[in-house]
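# Structure assessment
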Amino acid sequence: MNRAALTLTSVTKRFGSGPCSTLALDRVTLDVVKGEFVSLIGPSGCGKTTILRIVGGLTDQTLGEVTIFGESPHQLQIRHEIGVAFQRSALEPSRTALKNVELTLEVTEPRNRDRSKAQELLVAFGLEDALHKYPHELSGGMQQRVNIAAALVHNPSVLLLDEPFGALDLLTRDMMAEWLGSVLLATPKTALFVTHSDESVFAYGQGSSRSAL
Ligand SMILES: Nc1ncnc2c1ncn2[C@@H]1O[C@H](COP(=O)(O)OP(=O)(O)O)[C@@H](O)[C@H]1O
Ligand SMILES: [Mg+2]
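No experiment lies behind these values; they were computed from the predicted model shown. (Residues numbered from 1 in each chain as written. Chains lettered and ligands numbered in written order. Predicted model: local features only at pLDDT ≥ 70, side-chain atom pairs only at ≥ 80, totals over all residues. Heavy atoms only, no water.)

Moving on to the packing of aromatic side chains. According to the stated counting rule, one finds 3 aromatic pairs in the structure shown. Note on F37 and F193: the rings are 5.8 Å apart at their centroids and 40 degrees apart in plane angle, and the pair reads as tilted. Note that F37 is positioned in strand β3 (residues 37-41) and F193 in strand β7 (residues 190-195), a separation of 156 residues in sequence. No difference in accessibility class separates F37 from F193, as the two residues are buried. (Phe/Tyr/Trp six-rings, centres within 6.5 Å; stacked < 30°, edge-to-face > 60°. Helix = DSSP H or I, 4+ residues; strand = E, 2+ residues; numbered from the N terminus. Buried < 20%, exposed > 50% of the residue type's maximum accessible area, 1.4 Å probe, protein only.)

Turning to unusual backbone geometry, a few remarks are in order. The phi angle of most residues is negative, glycine excepted, and most peptide bonds adopt the trans form. Despite not being glycine, S10 shows a phi value in the positive range, around 50 degrees. Within the fold, S10 resides in strand β1 (residues 4-15). In this structure, E163 is a non-glycine residue whose phi angle is positive, near 45 degrees. Inspection of the secondary structure puts E163 in the loop between β6 (158-162) and α6 (170-186). On the basis of relative accessible area, E163 is assigned to the buried category, the value being 13%.

This paragraph deals with the packing of helix α5 (residues 140-152) against α6. Contact geometry for α5 and α6: axes closest at 11 Å, N-to-C directions at 25 degrees. Viewed along their axes, α5 and α6 adopt a mutual orientation that is roughly parallel. Where α5 crosses over α6, the handedness of that crossing is right-handed. The residues of α6 that touch α5, namely those facing G141, Q144, R145, I148 and L152, are T172, M176, W179 and V183. (Axes fitted to C-alpha atoms, helices over the stretch in contact; angles between N-to-C directions. Parallel < 35°, antiparallel > 145°, perpendicular 65-115°, else oblique. Left-handed = near helix turned anticlockwise from the far one by under 90°. Contact = heavy atoms within 4.5 Å.)

Moving on, we come to the site of ligand 1. Near ligand 1, the surroundings consist of F15, T22, A24, P43, S44, G45, C46, G47, K48, T49 and T50. K48 places a polar side-chain atom, nitrogen or oxygen, 2.8 Å from an oxygen atom of ligand 1. With respect to ligand 1, the side chain of T49 contributes an N or O atom lying 2.8 Å from an oxygen atom. Within the residue set of the shell around ligand 1, elements represented by two or more residues are β2 (22-33) and α1 (48-55). Here the shell around ligand 1 gets 3 residues from one element, more than from any other, and that element is α1. (Near = heavy atom within 4 Å. Polar contact = N/O pair within 3.5 Å; in protein donor to acceptor, adjacent residues only side chain to side chain.)

If you add up the space inside the largest pocket, you get close to 530 Å³. As for the largest pocket, its lining consists of 21 residues, of which I82, V84, T104, A150 and A151 are closest to the centre. Listing elements by their share of the lining of the largest pocket, those giving two or more residues are β5 (82-86), α3 (97-108) and α5. In terms of residue class, the lining of the largest pocket is made up of 11 nonpolar, 9 polar and 1 charged. Here the second largest pocket defines a volume of roughly 240 Å³. Lining the second largest pocket are 13 residues, and of these L121, F125, L152, V183 and T187 sit closest to its centre. Secondary structure elements with two or more residues in the lining of the second largest pocket: α4 (116-124) and α6. Counting residues per element, the lining of the second largest pocket draws most heavily on α4, which supplies 4 residues. (1 Å grid on protein atoms, 1.4 Å probe; cavity = no way out; pocket = protein on both sides within 12 Å on 5 of 7 lines; lining within 4 Å. Points joined across faces, edges and corners; volume = space filled by probe spheres on them. Nonpolar A, V, L, I, M, F, W, Y, C, P; charged D, E, K, R; others polar.)

Attention shifts here to the pattern of salt bridges. Under the criterion given, the structure shown has 5 salt bridges. R79 is paired through a salt bridge with E71; the nearest N and O atoms lie 2.8 Å apart. Accessibility expressed as a relative area gives 23% for E71, which makes it partly exposed. Between E109 and K117 there is a salt bridge, and its shortest N-O distance comes to 3.0 Å. (Salt bridge = Lys/Arg side-chain N within 4 Å of Asp/Glu carboxyl O.)

Next comes the structure, spelled out in structure tokens:
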């Protein structure tokens, strides 16, 4: 039996057509087991973001197949089953940390008026004192914790992280890597973590690193 939760089979992505087109992905195959945390490591331009965008249902592959729990990324994306956090925080500058995380719930669970999960998660992430602060009042590391809280608060099946600590200094990045490791130990997620270097990623106790590119 194939236990894979997330499967890429010979996924190819070409941007444009003709002699000036770019072959961003060339037959990438990858199986991720449910609850597994996989790091994708590779230099800038090798196609990491393109993989995440395809898995996240934000763009289509040119050839090949992607399934997540037997469905297409697009189907999961419509049901808000995919949480995404990128290098540049997607926080709304005019909303406090709490209001930013609540925004995810407004979008994903519009009929549910109970937004208490947002505060619970931020407190669990050590951000009790930051609840009512605006993004510009927070450090880079705190902003990314809020960003990841916003990606996780609706309990998606799959978590996609695209160099979420890439803009942070080395020391903060290491601390954040440890912190993320503990978050994912407490709440295992089927997760893809993209980074351009191998620093920190090996710190994740339950993680595995793959070179798929
Ligand atoms: N929308 C796009 N249009 C054209 N080329 C693109 C587009 N997005 C990415 N590419 C190209 O695809 C390749 C892989 O890009 P990307 O997935 O962003 O790499 P990485 O995230 O590993 O830095 C690069 O050569 C990039 O220039
Ligand atoms: Mg990228």
